[in-house]
Amino acid sequence: ETGVTQSPTHLIKTRGQQVTLRCSSQSGHNTVSWYQQALGQGPQFIFQYYREEENGRGNFPPRFSGLQFPNYSSELNVNALELDDSALYLCASSSGGNEQFFGPGTRLTVL
Amino acid sequence: AQTVTQSQPEMSVQEAETVTLSCTYDTSESDYYLFWYKQPPSRQMILVIRQEAYKQQNATENRFSVNFQKAAKSFSLKISDSQLGDAAMYFCAYRSGGGTSYDKVIFGPGTSLSVIP
């Protein structure tokens, strides 16, 4: 059974740029959730995708958007990057409301 | 809105000893789940233990056990026979049990646990 994977591991962008982060869900999981974890803090819920549709969103602006594909993998897109977007972005997959299994995260640095 | 509080930013424990991490939460819901996650320096968030609110019996997973006090909205984690590999950030987390279309997890700010050889 393959776990949740994320790519890239880390990347550096400059303010104003756009970034796309990717997540492959665990086999058999149809739900993907994205979290932002600032340094020294707990993860904050960004949004969740279920069967290719967004079905829940946290307190994040519209420049944070996402997609889920038929194979349940997902992308997180962030436009007009700001310095405060620097964080660890975690993806978690689940199925049927059961436990969320997390990927290793993508470390984004915005300069 | 639900909130999760961890009042101990840092804790340390001697190897082989026992340590308890504290967590309190606030909710008006009656059906929910509570979790403890471990995040080592590798960044991978790992589920340590889970507690369903409707169960009175405290969850246990090997050396890890919880003290769930529903009326007090308290959910502490006890680690027995601490090992060097237990050193990590520990997050207390909450998830609604039902009635919502999505299952976001609300995390506390975390407790950094050091294990002293």
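Residues numbered from 1 in each chain as written. Chains lettered and ligands numbered in written order. Predicted model: local features only at pLDDT ≥ 70, side-chain atom pairs only at ≥ 80, totals over all residues. Heavy atoms only, no water.

**Concerning the interface of chain B and chain A**
The figure often quoted for interface size is the accessible area lost as the parts come together. Note the threshold: Residue contacts follow a heavy-atom distance rule, with two residues in contact if any of their heavy atoms lie within 4.5 Å. Using a 1.4 Å probe, buried area is obtained as the accessible area two parts lose upon being combined, added over both of them. By convention in these notes, a salt bridge is any Lys or Arg side-chain nitrogen within 4 Å of a carboxyl oxygen on Asp or Glu. Here a polar contact means two N or O atoms within 3.5 Å. Within protein one must be a hydrogen donor candidate and the other an acceptor candidate, and residues neighboring in sequence count only if both atoms are side-chain atoms.
Tallying the contact residues gives 19 residues for chain B and 26 residues for chain A. With both chains or domains summed, chain B and chain A bury close to 1,700 Å², and 47% of this area falls on carbon and sulfur atoms. One can count one salt bridge joining chain B with chain A. We note a salt bridge from Glu99(A) to Arg50(B), for which the minimum N-O separation is 2.4 Å. Connecting chain B to chain A are seven residue pairs in polar contact (both at pLDDT 80 or more).

**Some thoughts on the pattern of salt bridges**
All names here are of chain B. The cut-off we apply is this: The helix and strand labels rest on DSSP assignments: H or I over at least four residues marks a helix, E over at least two residues marks a strand, and numbering proceeds from the N terminus. Classification of residues uses two cut-offs on accessible area relative to the type maximum, computed with a 1.4 Å probe and protein chains only: under 20% is buried, over 50% is exposed, and between them is partly exposed.
Per the stated rule, a full pass over the model turns up nine salt bridges over all chains. A salt bridge links lysine 73 to aspartate 26; its shortest N-O distance comes to 3.5 Å. Of this pair, lysine 73 sits in the loop between strand S8 (64–69) and strand S9 (74–79) while aspartate 26 sits in strand S4 (residues 24–26); the two residues are 47 residues apart in sequence, bridging distant segments of the chain. The exposure class of lysine 73 is partly exposed, given its relative accessible area of 25%. The salt bridge partner of glutamate 52 is lysine 55, with a shortest N-O separation of 3.9 Å.

**What to know about the side chain of Ser94(A)**
Take Ser94(A): it is sitting in strand S9 (residues 87–94). Residue Ser94(A) is classed as buried on the basis of its relative accessible area of 1%. The residues touching Ser94(A), leaving out its near neighbours within four places in the chain, are His29(A), Asn30(A), Thr31(A), Glu99(A), Gln100(A) and Asp103(B).

**A few points about the nonpolar core**
Quick note on the threshold: What we call a nonpolar core is a set of buried Ala, Val, Leu, Ile, Met, Phe, Trp, Tyr and Cys residues that are connected through their side-chain atoms within 4.5 Å.
Of all hydrophobic cores here, the largest spans 26 residues; its most connected members are Tyr25(B), Trp36(B), Phe75(B), Leu77(B) and Tyr90(B). Secondary-structure elements contributing two or more residues to this core are strand S3 (19–21), strand S5 (32–39), strand S6 (46–52), S8, S9, strand S10 (88–96) and strand S12 (111–116) of chain B. No other element matches the four residues that S10(B) contributes to this core. With residues up to four places along the chain from it excluded, the contact list for Tyr25(B) reads Thr3(B), Val4(B), Tyr32(B), Leu34(B), Phe68(B), Gln69(B), Lys70(B), Lys73(B), Ser74(B), Phe75(B) and Tyr94(B). Grouped together as the second largest cluster of nonpolar side chains are 20 residues, Val19(A), Phe60(A), Phe64(A) and Leu108(A) included.

**As for unusual backbone geometry**
Most peptide bonds take the trans form, and the phi angle of most residues other than glycine is negative. Residues and elements named next belong to chain A. Residue proline 8 is bonded to the preceding serine 7 through a cis peptide linkage, with omega at -5°. Structurally, proline 8 can be placed in the loop between strand S1 (5–7) and strand S2 (10–13). Its identity as a non-glycine residue notwithstanding, arginine 51 has a phi of 50°, on the positive side. As for its position among the elements, arginine 51 is in the loop between strand S5 (44–50) and strand S6 (53–57). Residue arginine 51 is classed as exposed on the basis of its relative accessible area of 52%. For tyrosine 72, which is not a glycine, the phi torsion comes out positive at approximately 75°. As for its placement among the helices and strands, tyrosine 72 is situated in the loop between strand S7 (64–68) and strand S8 (74–78). Judged by relative accessible area, tyrosine 72 falls into the partly exposed class, the value being 29%.

**Observations concerning the environment of Phe60(A)**
All names here are of chain A. Structurally, the position occupied by phenylalanine 60 is in the loop between S6 and S7. The class for phenylalanine 60 is buried, based on a relative accessible area of 15%. When the C-alpha positions of phenylalanine 60 and glutamine 44 are compared, they lie 9.5 Å apart, and in sequence the two are 16 residues distant. Beyond its immediate chain neighbours, meaning those up to four positions away, phenylalanine 60 contacts Gln36, Gln44, Phe45 and Ile46.

By themselves these figures say nothing about function.
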